[in-house]
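Examination of the molecular architecture
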Amino acid sequence: MEFTESYKQTGPCCFSPNSRFIAVAVDYRLVIRDTLSFKVVQLFSCLDKISYIEWAVDSEYILCGLYKRPMIQAWSLAQPEWTCKIDEGPAGIAYARWSPDSRHILTTSDFQLRLTVWSLVNTACVHVQWPKHGSKGVSFTQDGKFAAICTRRDCKDYINLLSCHSWEIMGVFAVDTLDLADIEWSPDDSAIVIWDSPLEYKVLIYSPDGRCLFKYQAYESGLGVKSVSWSPCGQFLAVGSYDQMLRVLNHLTWKTFAEFTHLSTVRGPCCAALFKEVDEPLQLDMSELCLSDDFIQNKNDASEGHFGVRYEVMELPITLPFQKPPADKPNPKQGIGLMSWSNDSQYICTRNDSMPTILWIWDIRHLEIAAILVQKDPIRAAAWDPTCARLVLCTGSSHLYMWTPSGAYCVNIPLPQFTITDLKWNSDGSCLLLKDKESFCCAAVPVLPESSEYSSDE
């Protein structure tokens, strides 16, 4: 892997959908860099500090959320002199997003008073009253033709279906939830999944015409659903719960065909490879070198506390570190808080929040655990390569961790004082964006061969 130098950032950073550019927030400035040369190709000045950025799907426009104002500013890469400013006045702006056609911006006001669709073509706007959430509760079909928007009125949750061409409401139907948490179209646009708040275990599958296709409830007592995700192929629906289990439903009968338990003790027989991150002190033999005492002292000071790391394959049985959440505090750190599918839908990785240093990788094809990664520090982020079965994760350390079906390995970041707190792939899987607290860098990732020869010691 090859790494760029680090660049300053004070907020969000993200690749454009076409992978050609990187947008970086630096205080009130929006910096657009070329992905290959890293030269600045555009520099836009906003009216306040940038809290949020999002590219339009066609990569021609980009919006900046200035939530302190509150205000939205949009910019064009093709026409730098073009500008757009959206201000809701006293209603405020809690969140903003692009429509699939890249020519409309959807904003949600504070206190969820209304959702407004702003046109960049003719300056027209459409209002949807009482959206359920600020940043959640809106989902678009894959073909970009329809939007499903959750609303709430008279203590009841509703789904509003809108045409993304005319922004007319095509239909409205009530849903059987106490407090709807979120919504997501299936990848083939044939169904809509909604789930209830953690206080009520309820996952509902609806057809676009409002028919309830299936109601799933794994248990009644206790906190319920924590995370839901469709597989990219659309055949599986993964549901992560507070009971520390992952359940997978099929798209034909909507029945559960797999239940995966995150146990603190792993015993055999088990097909999984268990990789544990261990320190590897840097050993330098300087017995035959003639160096001054000052140089040796400075070298020792600079390298003190710095270790290389590697994965060690562990034997079973093994007891994994487990944190029991306090019973007297809200929002307990337990259950499946992180969940992500591989691009081919064969693998899904999960993190049980009561075991924050453990990443579980499940093989859906064989319905078994494929690998367990035991890290030294809590896992901050994990992301699959969009082109192959390669998983990358970070823990807030100066190392990058990768897993493929052939093994796992650690990569040291060759930048001083750089710790990875977040990471993102570009759309073609050739580049990784790595974020530190006040800087970022990118890494060129080699193409994964068909039969990878990576080992745990690399």
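Look above for the structure.
First things first, this report covers the structure right here in the doc.

Reading guide: rules and limits
Residues numbered from 1 in each chain as written. Predicted model: local features only at pLDDT ≥ 70, side-chain atom pairs only at ≥ 80, totals over all residues. Heavy atoms only, no water. Helix = DSSP H or I, 4+ residues; strand = E, 2+ residues; numbered from the N terminus. Rg over C-alpha atoms; globule rule 2.2 N^0.38 Å. Buried < 20%, exposed > 50% of the residue type's maximum accessible area, 1.4 Å probe, protein only. Contact = heavy atoms within 4.5 Å. Areas by Shrake-Rupley, 256 points an atom, 1.4 Å probe, with all protein chains shown as cover. Core = buried A, V, L, I, M, F, W, Y, C linked by side-chain atoms within 4.5 Å. Lys, Arg positive; Asp, Glu negative; His and termini not counted. Salt bridge = Lys/Arg side-chain N within 4 Å of Asp/Glu carboxyl O. Pairing = 2+ DSSP bridges. Axes fitted to C-alpha atoms, helices over the stretch in contact; angles between N-to-C directions. Polar contact = N/O pair within 3.5 Å; in protein donor to acceptor, adjacent residues only side chain to side chain. Phe/Tyr/Trp six-rings, centres within 6.5 Å; stacked < 30°, edge-to-face > 60°. Lys NZ or Arg CZ within 6 Å of the ring centre and 35° of its normal.

Quick notes on the overall build of the protein chain
Each helix and strand counted, the protein chain has one helix and 41 strands in total. For 458 residues, the compact-globule estimate of 2.2 N^0.38 gives 23 Å, and the C-alpha radius of gyration of the protein chain, at 24 Å, lies within 12% of that figure. C-alpha atoms of the protein chain, sized along the principal axes, occupy 80 × 60 × 50 Å. A buried classification covers 53% of the 458 residues belonging to the protein chain. If you take every contact in the protein chain between residues at least 6 apart in sequence, the share linking residues at least 24 apart comes to 45%. When the accessible surface of the protein chain is split by element, carbon and sulfur atoms take 50% of a total near 21,700 Å².

Brief notes about the nonpolar core
In this structure, L246, V248, L320, I348, W360 and I372 are the most contacted members of the largest nonpolar core, which totals 23 residues. Broken down by secondary-structure element, the contributors of at least two residues to this core are β24 (236-241), β25 (245-250), β26 (256-261), β31 (336-341), β33 (358-363) and β34 (368-374). Apart from residues no more than four positions distant in its own chain, V248 is found in contact with F236, L237, A238, K255, T256, F257, A258, F260, W341 and I364.

Details of the side chain of R33
In this fold, R33 is placed in strand β5 (residues 29-34). Put simply, R33 is tucked away with no salt bridge, and the nearest opposite charge, on E5, sits 7.7 Å away. Every residue in contact with R33, bar those within four places of it in the chain, is listed here: Y7, R20, F21, I22, F38, K39, V40, V41 and F440.

Digging into the sheet that holds strand β13 (residues 114-119)
Sheet architecture is open: four strands sit in the order β11-β12-β13-β14, paired in antiparallel fashion. Sheet topology places β11 (95-98) and β14 (125-129) at the edges, where each strand pairs with a single neighbour. Neighbour-to-neighbour, the strand axes of the sheet open up by a mean angle of 20°, direction not taken into account. Summarising the sheet, β13 and β14 pair through five bridges and their orientation is antiparallel. Bridging across to β14, V117 finds its partner in V126.

Observations concerning the environment of V411
Considering the arrangement of structural elements, one finds V411 in strand β38 (residues 407-412). Residue class for V411 comes out buried when judged on its relative accessible area of 13%. In the structure, V411 is positioned 66 residues away from S345 in sequence and 26 Å away in space, judged by C-alpha atoms. If we skip the residues at most four places from it in the chain, V411 touches M1, F3, S398, H399 and L400.

Describing the environment of D143
In this fold, D143 is placed in the loop between β15 (138-140) and β16 (146-153). Sequence-wise, D143 and D189 are 46 residues apart; in three dimensions their C-alpha atoms are separated by 8.0 Å. Polar contacts involving the side chain of D143 include one to the side chain of T141, which spans 2.7 Å.

Here we look at the pattern of salt bridges
When charged atoms on two side chains of opposite charge get close, those side chains can pair. With the rule as written, the count across this model stands at 18 salt bridges. Between R103 and E60 there is a salt bridge, and its shortest N-O distance comes to 3.5 Å. Here R103, found in the loop between β11 and β12 (104-108), pairs with E60, found in the loop between β7 (52-55) and β8 (61-66); they are 43 residues apart in sequence, far enough to count as distant. Given a relative accessible area of 23%, R103 falls into the partly exposed group. The exposure class of E60 is partly exposed, given its relative accessible area of 36%. Between K424 and D422 there is a salt bridge, with the nearest N and O atoms lying 3.6 Å from each other.

Some details on the packing of aromatic side chains
The final tally for this structure, using the stated rule, is 21 aromatic pairs. A centroid spacing of 5.5 Å and a plane angle of 35° characterise the contact between F173 and Y206, whose relative ring orientation is tilted. Of this pair, F173 sits in strand β18 (residues 169-174) while Y206 is found in strand β21 (residues 203-206), placing the two residues 33 residues apart along the sequence. Given the relative accessible area of 11%, F173 is considered buried. Assessed through its relative accessible area of 5%, Y206 is described here as buried. Taken together, the aromatic side chains of Y7, F38 and F440 make up a single cluster linked through ring pairs. Sitting over the face of the ring of Y28, R29 holds its NZ or CZ atom 5.2 Å from the ring centroid. R153 extends its terminal NZ or CZ atom over the ring of Y158, reaching a point 4.0 Å from the ring centre.

Some remarks on the sheet that holds strand β3 (residues 13-15)
Pairing in this open sheet of four strands is antiparallel, and the strands run β3-β4-β5-β6 from one edge to the other. A strand with exactly one partner marks an edge of an open sheet, and here the two such strands are β3 and β6 (40-45). For this sheet, the mean inter-axis angle between neighbouring strands, taken without regard to orientation, is 15°. Two strands pair when backbone bridges link them, and β3 and strand β4 (residues 21-26) are joined in this way by three bridges, in the antiparallel orientation. Looking at the pairing, C14 lines up with A23 of β4.

Remarks on the side chain of S109
Positionally, S109 belongs in the loop between β12 and β13. At a separation of 3.2 Å, a polar atom in the side chain of S109 contacts the main-chain amide nitrogen of L113. Setting aside its immediate chain neighbours within four residues, S109 contacts A91, G92, I93, A94 and R114.

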